[in-house]
Amino acid sequence: MSFEGARWSDREVAARILTEFKVWAVVGASPDPTRPSHGVMRSLMRFGYEVIPVYPEATTIHGLATVPDLRGAAAQRPPESPIEVVDIFRASHRAGQHVDEAIEIGAKAVWLQLGVWDEAAAERAHAAGLLVVMDRCPAIDYPLLHT
């Protein structure tokens, strides 16, 4: 991470995303309880967010039916409750395509999880008006809102 890129890991932006938006799509959600996305999804649900698990195979995660892709997830949403945050649990070299999908579906923010970093994708999202957080975790940041 460059000094310039440190702006994408801003705690205040993370807090804004966590307080302003309630509908999250988790790209790279996993039914495997040993995967970080599984635990973060559970935390988001416990914190009161509506969560849509994006996973390529038809299954359920935490009792929620998965959708195979972000575009399909967005198409299934009622107009009054669109996907607001796209939380990305994918390798850094794959994250950009999901950031582009988030822009395409009109999301308000993208959150790239711990260890996921793509400055070019962050720049594209920012230029499109989305809030951007990279290399942070909402399950860690949410409790910090109350300290």
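Higher on the page you've got the structure.
Remember, it's a predicted structure, so these values are computed and weren't measured experimentally.

**Describing the overall build of the protein**
(1) Moving on: Helix and strand counts for the protein come out as six helices and seven strands.
(2) Moving on: Helices (α) and strands (β) of the protein occur, in sequence order from the N terminus, as α-β-α-β-β-β-α-β-α-β-α-β-α.
(3) Moving on: Over its C-alpha trace the protein gives a radius of gyration of 14 Å, about what one expects of a compact globule, namely 15 Å for 147 residues.
(4) Moving on: Dimensions of the protein along its principal axes, counting C-alpha atoms only, are 40 × 35 × 30 Å.
(5) Moving on: Counting over 147 residues, the protein shows a buried share of 47%.
(6) Moving on: Contacts in the protein between residues far apart in sequence, at least 24 positions, make up 61% of those at least 6 positions apart.
(7) Moving on: Carbon and sulfur atoms form 53% of the exposed surface of the protein, whose accessible area is close to 7300 Å².
(8) Moving on: Treating the 14 positive side-chain charges of the protein as one cloud and the 19 negative ones as another, the clouds have centres 3 Å apart.

**Focus on the packing of helix H4 (residues 92-105) against helix H5 (residues 119-127)**
(1) Moving on: Their axes nearest at 9 Å, the elements H4 and H5 cross at an angle of 5°. On the basis of their axis angle, the class for H4 and H5 is roughly parallel. Listed contacts from H5 to Gly 96, Val 99, Asp 100 and Ile 103 of H4 are Ala 121, Arg 124 and Ala 125.
(2) Moving on: The class makeup of the residues in the contact of H4 with H5 is four nonpolar, one polar and two charged.

**Brief notes about the pairing of strand S2 (residues 50-54)**
(1) Moving on: Of all five residues that make up S2, four are buried, and the element is covered over most of its length.
(2) Moving on: One ladder, built from five bridges, connects strand S1 (residues 23-27) with S2; its direction is parallel. From the neighbouring strand, Val 23 faces S2, where its bridge partner is Glu 50.
(3) Moving on: Crossover S1 to S2 through helix H2 (residues 36-46) is right-handed.

**Here's the deal with the sheet that holds S1**
(1) Moving on: Here five strands make up an open sheet; going across it, the order is S2-S1-S5-S6-S7 and the pairing parallel. The two strands at the open ends of the sheet, each matched to only one other strand, are S2 and strand S7 (131-133). Geometrically, the sheet is characterised by an average inter-axis angle of 15° between neighbouring strands, direction not taken into account.
(2) Moving on: In this structure, S1 lies alongside strand S5 (residues 85-88), joined through four bridges in parallel fashion. Pairing of Trp 24 across the sheet is with Val 85, part of S5.
(3) Moving on: In the packing of helix H1 (residues 11-20) onto the sheet, contacts are made with S1, S5, strand S6 (109-112) and S7, and the angle to S7 comes to roughly 120°.
(4) Moving on: Its contacts with the sheet place H2 against S1, S2 and S5, and it is angled at close to 160° to S2.

About the thresholds
Residues numbered from 1 in each chain as written. Predicted model: local features only at pLDDT ≥ 70, side-chain atom pairs only at ≥ 80, totals over all residues. Heavy atoms only, no water. Helix = DSSP H or I, 4+ residues; strand = E, 2+ residues; numbered from the N terminus. Rg over C-alpha atoms; globule rule 2.2 N^0.38 Å. Buried < 20%, exposed > 50% of the residue type's maximum accessible area, 1.4 Å probe, protein only. Contact = heavy atoms within 4.5 Å. Areas by Shrake-Rupley, 256 points an atom, 1.4 Å probe, with all protein chains shown as cover. Lys, Arg positive; Asp, Glu negative; His and termini not counted. Charge placed at Lys NZ, Arg CZ, Asp CG, Glu CD. Axes fitted to C-alpha atoms, helices over the stretch in contact; angles between N-to-C directions. Parallel < 35°, antiparallel > 145°, perpendicular 65-115°, else oblique. Nonpolar A, V, L, I, M, F, W, Y, C, P; charged D, E, K, R; others polar. Pairing = 2+ DSSP bridges. Right-handed = clockwise from strand over helix to strand, strands pointing away.

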